[in-house]
Amino acid sequence: MRYRQPKPQKKLHFINEDIRASQVRLIDEEKNQLGIVPIKKALEIAREKGLDLVAISPDAKPPVCRLLDYGKYLYSLQKRAHEAQKQQRKIHIKEIKFTPVIGDHDIDVKLKKIKQFLEEGNKVKITIWLRGRQKRRPELLDQMTDRILAILKEIAEIESQPKRDRWSCHILIGKKKGEKDAKTKNP
């Protein structure tokens, strides 16, 4: 049985002996600048304090290095990234389908569902499609599209005008611009 070697991870920062510059601009653990020092002296200071020498800005001339606990630093970076991801707003596209022979009550039920999706902060894709013998009368698609558009102009903002395929029509709608955004529910 053949085992795969794990891929080597890309280094985020140059630390300790990985720093190849002869001199560095050194910043201590309290974020005070200690000035430009030789790399050997900077490594010596880091070892005395039990910390790592981390190149924060390796492209600068001379590179900017900081004394810190590298494990704790990576952990704080990971926590910040996780918090930023939690704050992101996720927008999903929901789809509602209509046919030209749908009843008025069924339209009302679907409109309530559309309003609910919009209040949650999602976008809604409305599909109007013809089935079976309805395909012989394509004007039904235009009539139904006009009817749905008239209703939707009151409750939502139409983001993309109706796109017609052969037997169907698609409309993308979103929440009206003037209204407050609701927090989306994470699935």
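What counts and how
Residues numbered from 1 in each chain as written. Predicted model: local features only at pLDDT ≥ 70, side-chain atom pairs only at ≥ 80, totals over all residues. Heavy atoms only, no water. Helix = DSSP H or I, 4+ residues; strand = E, 2+ residues; numbered from the N terminus. Contact = heavy atoms within 4.5 Å. Pairing = 2+ DSSP bridges. Axes fitted to C-alpha atoms, helices over the stretch in contact; angles between N-to-C directions. Salt bridge = Lys/Arg side-chain N within 4 Å of Asp/Glu carboxyl O. Buried < 20%, exposed > 50% of the residue type's maximum accessible area, 1.4 Å probe, protein only.

Asker: What is the right way to look at the side chain of Ser160 in this model?
Answerer: Tracing the sequence through the fold places Ser160 in strand β8 (residues 157-164). Every residue in contact with Ser160, bar those within four places of it in the chain, is listed here: Ile171 and Leu172.

Asker: What am I meant to see in the sheet that holds strand β6 (residues 93-98) here?
Answerer: Two modes of strand pairing occur in sheets, parallel and antiparallel, and in both the strands are linked by backbone hydrogen bonds. Taken in spatial order, the 4 strands line up as β6-β7-β9-β8 in an open sheet, and their pairing is mixed. Looking along the sheet, the strands with just one partner apiece sit at the ends: β6 and β8. Put simply, the sheet's adjacent strands are angled 20 degrees from each other on average, direction ignored. Relative to strand β9 (residues 168-174), β8 runs antiparallel, the two sharing 5 bridges. Note that in β9 the partner of Ser160 across the bridge is Leu172.

Asker: Even after reading the chapter, I still don't get the pattern of salt bridges, so can you show me in this structure?
Answerer: It is possible for side chains bearing opposite charge to pair when their charged atoms get close. Counted according to the given criterion, the structure contains 6 salt bridges. In this structure, the salt-bridge partner of Lys86 is Glu83, at a minimum N-O distance of 3.9 Å. Placement of both Lys86 and Glu83 in helix α2 (residues 70-87) is noted, with a separation of 3 residues, approximately one turn of the helix. Residue class for Lys86 comes out exposed when judged on its relative accessible area of 54%.

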